[in-house]
Amino acid sequence: MMSSIRFARRHLLRFLIGAGALVPATAAAQVAQEKVFFDTLLARCNAITSVTDPLFAVCNQVLSGGLSTGVYTPGVTVANLGSTGSYGGAGKMAASERQRELDDLLGDEEGKKKRKRTGGASGDFTAGPFGGFITAQTSRTTRALTEFENGYKAKLDGLLIGLDRRFGNALVTGASLGRTDTDSTYMDDAGTMSARNTTLMLYTTYLPTPGTYLGGYLGGGQGTQDATRRIDVPPISGVAASTTKSRQTMAGLSGGYNWYSGAVSVSVTGAADYVRNRADETTETGITGLEFIYPEQKTTSLTGTLGTRASYRSSFTWGAIVPSVRAAYIHEFRDNVRTVSPGLVADPSTVFAFRTESPDRNYYVGGAGATVEAGRGTQFFVDYEKRAGHSFINTWSASIGLIAEF
């Protein structure tokens, strides 16, 4: 009985760690489209007919510098906008593949048989209906420079806490609160971004049979992104700064089935994850005359995941150790190409049309972890996950945590 409930709590916890990784860190700051910038600015400057034009002073300097020949010169500056990898400095990872439980899914009779075969007392303790958890996460992301977006390196650190309740022997529901901080640095000294996100999630897991689970979550978040953008259009140079507020809606469903053979369990899993992000309009500040007003931006992601996982349970008189490995294929159904059209603060009618990068719709994730059941409803766990097969984003993440029943 308690073994299946402990699985459910581990399952829910990993579910929420992954969902937090989906939170967008969108900010008006990260697409490298120099040609669009220069072509639009040159056309606007060539259209000036009066010294009273709001861009006369800027164009008068620029046409004597980097644009004096009227030809685009690559590498002079980076016009940044967009987002850090679309969904978070840590990279977007399907929540369904970050939730993988680190123990076996067992019902009453199956659990008794398993403990009799392998020994170990961790499953014999009967705790109260409540469970609490705390987990810390860190991740690193590297995004390559592509035709439409600048590359960057990002570091994410996060903390997740939660409380849930067991109803009977097959249902667990609860809530969690998470916080992530992401620091990103863009290639070629193009700028920086510091993002802070807070999420609140409701979740549930239902175990209809000893080998089957169904899970879901629904939540939202809000964040603040402080960004800088380097401006270098000779002889004009400087740094533009902006602060953007964002809000997120997240939802997901997952399910899986486990097979058992002695201390070994193997499972197949599937999931769907939805994230919608809205970043407010924001205005850059600076003294160059080339600062941007970014319009409101909306992005949507819908991913489907198919995966598998294997674990081995080693039981002892004091508890058990359960190492596991997993792998999954992920497909992105949404997150389509967008056109972001900021205007100049000095002349809002001068609008630039920047296209975002086409998403890599198919990639993989792999991971490994271990749970230590210390007895009396206490579990410690560690986990590592890495993305593979993505065209331009490389991400790894690690987490460590504690689950307690009472």
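In this section: the nonpolar core. Generally speaking, soluble globular proteins have nonpolar side chains that are buried together. Phe37, Leu41, Val233, Leu290, Phe292 and Phe352 are the most contacted members of the largest nonpolar core, which totals 19 residues. Of all the secondary structure elements, the ones that give two or more residues to this core are α2 (34–46), α3 (56–62), β5 (212–233), β6 (236–261) and β9 (292–294). Ranked by residues supplied to this core, first place goes to α2 with four residues. With nine residues, the next largest nonpolar core counts Met201, Tyr217, Met250 and Phe381 among its residues.

Another point: the confidence of the model for the protein. Per-residue pLDDT for the protein has a mean of 78; in total, 76% of the residues score no lower than 70. Ranking the elements of the protein by mean pLDDT puts helix α4 (residues 95–98) last with 32 and strand β8 (residues 282–283) first with 94. Within the model, the stretch residues 19–32 combines pLDDT values under 50 with 87 contacts to residues more than four positions away or in other chains.

Inspection of every chain in the model, using the stated rule, returns 14 salt bridges. Here Glu296 and Arg278 are joined by a salt bridge, their closest N and O atoms 2.5 Å apart. Residue Glu296 is found in the loop between β9 and β10 (297–312), and its partner Arg278 is found in strand β7 (residues 264–279); the two are separated by 18 residues along the sequence. Glu296 sits in the partly exposed class, given a relative accessible area of 36%. Connected via shared salt-bridge partners are Arg44, Asp53 and Asp347.

Each value, and the rule that gives it
- Residues numbered from 1 in each chain as written.
- Predicted model: local features only at pLDDT ≥ 70, side-chain atom pairs only at ≥ 80, totals over all residues.
- Heavy atoms only, no water.
- Core = buried A, V, L, I, M, F, W, Y, C linked by side-chain atoms within 4.5 Å.
- Buried < 20%, exposed > 50% of the residue type's maximum accessible area, 1.4 Å probe, protein only.
- Helix = DSSP H or I, 4+ residues; strand = E, 2+ residues; numbered from the N terminus.
- pLDDT = per-residue confidence, 0-100.
- Contact = heavy atoms within 4.5 Å.
- Salt bridge = Lys/Arg side-chain N within 4 Å of Asp/Glu carboxyl O.

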